[in-house]
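Residues per chain are reported as follows:
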Amino acid sequence: MIASLLQRFGIGGESTSRQIVPPSEVDSVLLWCGLGLLMFGLVMVYSASIAMAEGSRFTGYQASYFLIRHSLFLAIGTICGVAAFQIPIRFWQQVAPYLFIAGVLLLVLVIVPHVGRSVNGAQRWLPLGPINLQPSELMKLFAVLYAADYTHRKLAEMGSFKKGFGPMAVVMLLVGFLLLKEPDFGAFVVIVSIAIGILFLGGINVRIFGTLLVVLLIGFVLLIWFSPYRRERLFGFMDPWQDAFGKGYQLSHALIAFGRGEWFGVGLGASVEKLFYLPEAHTDFLLAVIAEELGFVGICVVVFMFALLVQRCFAIGKTALGLGRIYGALVAQGIGIWIGVQSFINMGVNMGLLPTKGLTLPLMSFGGSGIVANCVALAILLRVDWENRQLMRGNRT
């Protein structure tokens, strides 16, 4: 099926089975770091969710409910990742605009009354039988692919506001409007960071970039100031103990979890905060459970693995750039921006350094759409690296 798709787009005619390569021909540090975070996340999702699953009618009082579903999401993500790795980067560049349009249509669909599913006041999901699709998670991947393609096509015009930055700004405003209608302010911040980061790496005019940062800062302040919900979250973040049973509830319990963990934690599975005290313990606040059960050492391991993963993204992008593969370089570094920004925000929220936002920890937190999108992104990143190695091998011979 993949082979016929590639031939239809005029990309090669060889069997995709011949493109399956041994681990020695890809970045082993990136591969094992990604797999390590996925497996570590599976263990911690089970640990963080077991009490809630046992005590919820929604899960049928099954302790392994979230473990089974997360394992299923990992299996689907792995299959999608393996398939994505077989596809040349040139194909992703050709379909990037169409994927982006599909993502925009999904964002429109999710806010249509009686179509999108609403949970806790946010309408972010499309019900698909036993699972829910979250378009904003897929949009992060589509934004990387599209922004890289746009920047690659507009390299000669990056110094012009009208021709270089203007069209992308219009597109991002549309996406931002749709995301804020859900609302999903966290996804909006991540996607804007991806687009701006890739434009910066593509050589956007420094004055335009500086002006853009100022405008974005003013825009974020206005969005927070004119939204009572976001304003309450901001003030709650500044002093969570002032209303520990109200707007500061999540953060106060996250900080308690960090405090209880100390250096080495209370032990895997021994968290108290996950026992119906800390909301969203298996999604947004998974890091707090890791802090309580594995302590400062466990947090350091997680931070190191994410830092290493982002470093490999930019290293692979730098290699691709040196080989003249500009689109592949921008995609690799765009994925690095995505994972880096989202993990930084999630960690900052868990530690009380940033206002509470509904962003999961990439590769680790529970969530089907996010896990699948992350797995596909890693596969595309590995594909960029593999094509780099094939080109360097060809140059040496």
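Just above, that's the structure.
Attention here is on the structure that accompanies the text. Only a predicted model underlies this, so the values are computations on that prediction, with no experimental measurement involved.

### Describing helix α10 (residues 249-261)
Thought 1: Look at α10: 19 Å from first C-alpha to last across 13 residues, which is about the 18 Å you get at 1.5 Å a residue.
Thought 2: Of the positions making up α10, those classed as buried are L251, S252, H253, A254, A257 and G261.
Thought 3: Just downstream of α10, E262 is the residue with a positive phi angle, here 50°.

### Some points on unusual backbone geometry
Thought 1: Here the residue pair E182 and P183 is connected by a cis peptide bond, since its omega of -5° sits within 30 degrees of zero.
Thought 2: Mapped onto the fold, P183 is located in the loop between α6 (161-181) and α7 (185-201).
Thought 3: Here the phi dihedral of E280 falls at roughly 55°; this positive angle occurs in a residue that is not glycine.
Thought 4: Positive phi is not limited to glycine here, since L363 has a value of about 70°.
Thought 5: If you trace the backbone, L363 turns up in the loop between α12 (326-350) and α13 (368-396).
Thought 6: Residue class for L363 comes out buried when judged on its relative accessible area of 1%.

### Considering the pattern of salt bridges
Thought 1: Evaluation of the coordinates by the stated rule reveals 10 salt bridges.
Thought 2: For the salt bridge of R153 with D149, the shortest nitrogen-to-oxygen distance reads 3.1 Å. Of the two residues, R153 and D149 both sit in helix α5 (residues 135-153), four residues apart, roughly one turn of that helix.
Thought 3: The partly exposed category is assigned to R153, whose relative accessible area is 48%.

### Some words on the packing of aromatic side chains
Each pair of aromatic rings is reported with the distance of its centres and the angle of its planes.
Thought 1: Taken as a whole and judged by the stated rule, the model has nine aromatic pairs.
Thought 2: Pairing F185 with F188 gives two aromatic rings, centres 6.1 Å apart and planes at 40°, and the pair type is tilted. With a gap of three residues between them, F185 and F188 both fall in helix α7, about one helical turn apart.
Thought 3: Given the relative accessible area of 10%, F185 is considered buried.
Thought 4: Its relative accessible area of 12% is what places F188 among the buried residues.

Conventions we followed
Residues numbered from 1 in each chain as written. Predicted model: local features only at pLDDT ≥ 70, side-chain atom pairs only at ≥ 80, totals over all residues. Heavy atoms only, no water. Helix = DSSP H or I, 4+ residues; strand = E, 2+ residues; numbered from the N terminus. Expected span 1.5 Å × (residues − 1). Buried < 20%, exposed > 50% of the residue type's maximum accessible area, 1.4 Å probe, protein only. Salt bridge = Lys/Arg side-chain N within 4 Å of Asp/Glu carboxyl O. Phe/Tyr/Trp six-rings, centres within 6.5 Å; stacked < 30°, edge-to-face > 60°.

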